[in-house]
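Reading the structure
As a plain string of letters, each chain reads:
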Amino acid sequence: MEYALIFVAAVFVNNIILAQFLGICPFLGVSKKIETAVGMSVAVAFVMTIATLVTYLIQHSVLNAFGLQYLQTVTFILVIASLVQMVEIVLKKVSPGLYQALGVFLPLITTNCAILGVAIIVIQKNFVMATSLVYAVSTAVGFGLALVIFSGIREQLSLTKLPRSMQGTPVALVVAGILAMAFMGFSGIV
């Protein structure tokens, strides 16, 4: 039951993008096409889950053991950057189409503060490893859900005639605000 509550809270109530405002850069940058949004969501989910696992282990076995907690942020950033490089190499070999579709957005995962945020949140909340992984996967699902919904809306808006002053980023920000308010409707669930 605890894991189900964590899942619902991370996906809907405390969505990493729409409620906590982490990961806004890829949210706005990769949301013009659904295919690219799905690819970015999968890449972020993979990196977020693995990064949470690795940073959890490093925090508890190295940083806490040697009293080096002050190196947490730097260590976590280095781990995430290394994992993104590995994902980039794997995508280049396994799925060149997805690799080219993501293009310059793949390095955005390195600077995606949602991944770093999740790694730090699980340490701050004193989650055990299993709960940390459930939280990371749930947060990644919430990230993907918000990104895919937003990209679907943006694709439809690209077919609509809008006033010149609202085209592009202005309408995207308005839609993001409305989407965030829609997700606020879930706040009474958990």
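In this report, the structure presented in the accompanying data block is examined. (Residues numbered from 1 in each chain as written. Predicted model: local features only at pLDDT ≥ 70, side-chain atom pairs only at ≥ 80, totals over all residues. Heavy atoms only, no water.)

Applying the stated criterion across every chain yields a total of zero disulfides. Looking at the unpaired Cys25, the closest cysteine sulfur is the one in Cys113, lying at 8.4 Å. (Disulfide = S-S within 2.5 Å.)

Once that is clear, we can look at a nonpolar patch on the surface. A grouping of Met1, Leu5, Ile189 and Val190 is seen on the molecular surface, where their side chains present a nonpolar patch of about 440 Å² in accessible area. Positionally, Met1 belongs in the segment before α1 (2-13). You can call Met1 exposed: its relative accessible area is 78%. (Patch = residues over 30% accessible without salt bridge, like charges linked within 9 Å, V, L, I, M, F, W, Y side chains within 5 Å. Areas by Shrake-Rupley, 256 points an atom, 1.4 Å probe, with all protein chains shown as cover. Salt bridge = Lys/Arg side-chain N within 4 Å of Asp/Glu carboxyl O. Helix = DSSP H or I, 4+ residues; strand = E, 2+ residues; numbered from the N terminus. Buried < 20%, exposed > 50% of the residue type's maximum accessible area, 1.4 Å probe, protein only.)

So, about unusual backbone geometry. Note: most peptide bonds trans; most residues except glycine with negative phi. The residue Phe21 is not glycine, and still its phi comes out positive at about 55°. With respect to the helices and strands, Phe21 occurs in the loop between α1 and α2 (24-29). Backbone geometry places Asn126, a non-glycine residue, at a positive phi of 55°. As for its position among the elements, Asn126 is in the loop between α6 (113-124) and α7 (129-158).

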